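# Observations on the three-dimensional arrangement
The chain contents come next:
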Amino acid sequence: MVHERCGVVALCNSEGVSARPSARHIVDLADCRERLVRHRIYGLVNSAARLRRFMESHVFAVWDFQSLLKAMQQRLTCTSIPWVPTPDAEARRLVNEIVLDEESDALPEGGSASHFELYLHGMRNAGADTGPIDRMIETLRAGVSQGGKPAATVRQGVDGVSQVGKPAATGRQAVQGVSQVGKPAATGRQGVQGEPQVGKPAATVVGDAMREAGAPEAAQAFVRHSFAVIESGSTHGIVAAFTYGREDVIPDMFRGLVSSLASRDPAWERFHWYLDRHIEADDEKHAPVCRRIMARLCGDDPAKWAEASQVARACVESRIALWDAIAAELEAMPGE
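Keep in mind that what you see is a predicted model, and the values were worked out from it rather than measured. (Residues numbered from 1 in each chain as written. Predicted model: local features only at pLDDT ≥ 70, side-chain atom pairs only at ≥ 80, totals over all residues. Heavy atoms only, no water.)

### Observations concerning the side chain of glutamine 220
One can find glutamine 220 in helix α8 (residues 217-230). Here glutamine 220 is in contact with Met210, Arg211 and Ala215, once residues within four sequence places are set aside. (Helix = DSSP H or I, 4+ residues; strand = E, 2+ residues; numbered from the N terminus. Contact = heavy atoms within 4.5 Å.)

As structure tokens, then:
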């Protein structure tokens, strides 16, 4: 069994009796989590103009959260065809539950939307400029910023590891999930109609799209770091980034913003609901679920726990750098 508290994962016996967690079973964030939670930025979001400026940069982190989540889903479930079952059924169920909430959450007035779309709605209600993020999304949809030699095709094997092989129609699945190695098919990037597009690696495509869209430099750096983790090839590294760089710390970060926005303009209502929703979902469900997945992936392997700690710290430091840059801009603006 697994119990989680404060970023520490403790392994328990079948009767639920917890032994003292060893250093092997801890994701060590040092002091970076505390520095992030206590960052000065939360107190600076104290006017309509400052909120808009904050959102215009932060929205890119909201967007790349979804990409990090989909990378985790690709690693822990089978998202390719032909479908084959991945080995950890519990991890598969847990990550799909998170995807359901984040990609198509139920709205209070009925219907559903991704949390990214909720954030965009909140931006528009607050009068923030959505031009750069809108242009980036349209660029990615249109398949612009592509070209060059196709990357290797990735397919999910029985063991959940992406394999290089022939197109699905001609590739034959072996007993251990290794397809027949052959000529790479087109790189899997989704176009407007969901058809794969031939192009550069995702990090390059996204980087080009952000530059063309005029995204803030600090936001570009943050997204580059996230995609470096995604393309690292380490499943426990990706899960560590998502768990400790996002889900575990987001509730405490957003509580600072909610406190700052407590009695503000009604135009901020949708953004306020977005923050409250994340605090509720991440604190009560998503973060504990992610820590369970983390424990299942790392087990008793101290090298994996050490790597997970390194990736998690780097992700939190990347967020602090983003907050530093936005805070400097806010400080140059009039406050209340």
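What follows picks up the thread again.
### Overview of the pattern of salt bridges
With the rule as written, the count across this model stands at 19 salt bridges. Among the salt bridges present, the one from glutamate 331 reaches arginine 40, with a minimum N-O distance of 2.8 Å. Here glutamate 331 is found in helix α12 (residues 302-331), whereas its partner arginine 40 is found in the loop between α1 (32-37) and α2 (41-44), with 291 residues between them in sequence. Note that arginine 246 is salt-bridged to aspartate 64, the shortest N-O span being 2.7 Å. Separated by 182 residues along the polypeptide, arginine 246 in helix α9 (residues 235-247) and aspartate 64 in helix α3 (residues 48-76) bring together distant segments of the chain. Via salt bridges that share partners, Asp88, Glu90, Arg292 and Arg296 belong to a single interconnected network. (Salt bridge = Lys/Arg side-chain N within 4 Å of Asp/Glu carboxyl O.)

### Details of the side chain of aspartate 64
Classification of aspartate 64 by relative accessible area gives buried; the value is 0%. Looking at aspartate 64, its side chain comes within polar contact range of the side chain of arginine 246, at 2.7 Å. Setting aside residues up to four positions removed in sequence, aspartate 64 forms contacts with Phe222, Val223, Ser226, Phe227 and Arg246. (Buried < 20%, exposed > 50% of the residue type's maximum accessible area, 1.4 Å probe, protein only. Polar contact = N/O pair within 3.5 Å; in protein donor to acceptor, adjacent residues only side chain to side chain.)

### A word on the packing of aromatic side chains
Following the criterion strictly, the structure yields 4 aromatic pairs and no others. Aromatic pair tyrosine 42 and tryptophan 323: ring centres 6.5 Å apart, planes at 85°, arrangement edge-to-face. Of this pair, tyrosine 42 sits in helix α2 while tryptophan 323 sits in helix α12, and the two are 281 residues apart along the sequence. Residue tyrosine 42 is classed as buried on the basis of its relative accessible area, which comes to 6%. Here a set of aromatic residues connected by ring pairs shows up, and it is made of Tyr42, Phe54 and Trp323. The ring of tryptophan 323 has arginine 319 sitting right over it, with the charged end atom 5.1 Å from the ring centre. (Phe/Tyr/Trp six-rings, centres within 6.5 Å; stacked < 30°, edge-to-face > 60°. Lys NZ or Arg CZ within 6 Å of the ring centre and 35° of its normal.)

Read these as spatial facts, not as claims about activity.
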